[in-house]
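Analysis of the macromolecular model
For reference, the chains in residue letters:
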Amino acid sequence: MLTLDCRGLACPEPVLKSREAIETKKPEQFAVIVDNQPAVENITRYTENNGYKVAGVENGTDGSFTLTICRAQDGDAAQQEIPGFEKTHFLKNTEIFNKNPMFLKDGENYADYLAYHQKCKTVLFLSTNTLGHGDDELGAKLMENFLATLPEMNLWQVIMVNGGVKLATTEGKNLESLKKLAEQGVKISVCGTCLNFFGLLEEKKIGETTNMLDIVTALDLADKVIRP
């Protein structure tokens, strides 16, 4: 059986290797070994929306995860739920270079997505949980004010990386503001590698755990990117 050893590979390489295997080898079954939970979630999301299913995930003694992936049959569903995993619809047969999005919201079809592309797509890119430099206490307060004002904007997505992911894990005004945005239909994306680095993967309270391929695709599709 084809086995992809993706341990030690940075995001989004495990997803890219899985995609390459599916598109070039078209295996009936293959395995992927990764060493972090975000990679499990991202590979699961990609494969299960590209004609395959995750038949099982085995935890290794070294902290690794081995995903057994099989070609899906009509009516198949995932046989194993992945803890903390929110399912997103990856589009089939897409490439980042032709500007096709790699994901869709639940219930959204490709035609609707393309129609929405005619509107301005504004992405808010947050790489820290404070606003500005000079004093962290002041920066935290400014971030609260900034996020509280965002519902007045026409946002498409909020992407959080590095220290910005802490905004999605801590109870308080910032989290409430993000929840309001989500209720308005704004997509909230939280970097899985960053959550894992800070030990906050299980603490995420809002948004979808995402990977660098999704992030780069969203930035490429955006009409405007705001980075405070």
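Presented here is an overview of the structure given in this document.

Cut-offs applied
- Residues numbered from 1 in each chain as written.
- Predicted model: local features only at pLDDT ≥ 70, side-chain atom pairs only at ≥ 80, totals over all residues.
- Heavy atoms only, no water.
- Core = buried A, V, L, I, M, F, W, Y, C linked by side-chain atoms within 4.5 Å.
- Buried < 20%, exposed > 50% of the residue type's maximum accessible area, 1.4 Å probe, protein only.
- Helix = DSSP H or I, 4+ residues; strand = E, 2+ residues; numbered from the N terminus.
- Contact = heavy atoms within 4.5 Å.
- Pairing = 2+ DSSP bridges.
- Axes fitted to C-alpha atoms, helices over the stretch in contact; angles between N-to-C directions.
- Parallel < 35°, antiparallel > 145°, perpendicular 65-115°, else oblique.
- Left-handed = near helix turned anticlockwise from the far one by under 90°.
- Nonpolar A, V, L, I, M, F, W, Y, C, P; charged D, E, K, R; others polar.

1. Structural notes on the nonpolar core
Side chains of a nonpolar character, in soluble globular proteins, are inclined to be buried together. Among the nonpolar cores identified, the biggest contains 33 residues, and Leu126, Val158, Met160, Leu178, Leu181 and Ile188 are the most heavily contacted of them. The set of elements that each furnish at least two residues to this core consists of strand E5 (122-126), helix H4 (136-149), strand E6 (157-160), helix H5 (173-183), strand E7 (187-191), helix H6 (192-197) and helix H7 (212-221). With four residues, the single largest contributor to this core is E5. Contacts of Met160, omitting those with residues within four sequence positions, involve Leu126, Val165, Leu167, Ala168, Leu178, Ile188, Ser189, Val190 and Cys191. Formed by 19 residues, the second largest nonpolar core is a distinct cluster that contains Ala21, Phe30, Val32 and Val34.

2. Examining the sheet that holds E5
With parallel pairing, the five strands of this open sheet are ordered in space as E8-E7-E6-E5-E9. Each end of this open sheet is capped by a strand with a single partner; those strands are strand E8 (208-210) and strand E9 (224-226). Across the sheet, the axes of successive neighbouring strands diverge by a mean angle of 25°, strand direction being ignored. In terms of strand pairing, E5 meets E9 through three bridges, oriented parallel. Its bridge partner being in E9, Leu124 is matched across the sheet by Ile226.

3. Details of the packing of helix H1 (residues 13-25) against helix H2 (residues 37-48)
For the pair H1 and H2, the least separation of the axes is 9 Å and the interaxial angle reads 30°. Comparing the axis directions of H1 and H2 gives the class roughly parallel. Of the two possible hands of crossing, H1 and H2 adopt the one that is right-handed. Mapping the contact onto sequence places Pro14, Val15, Ser18, Arg19, Ile22 and Glu23 in H1 and Ala39, Asn42, Ile43, Tyr46 and Thr47 in H2. Taken together, the residues of the contact of H1 with H2 sort by class into six nonpolar, three polar and two charged.

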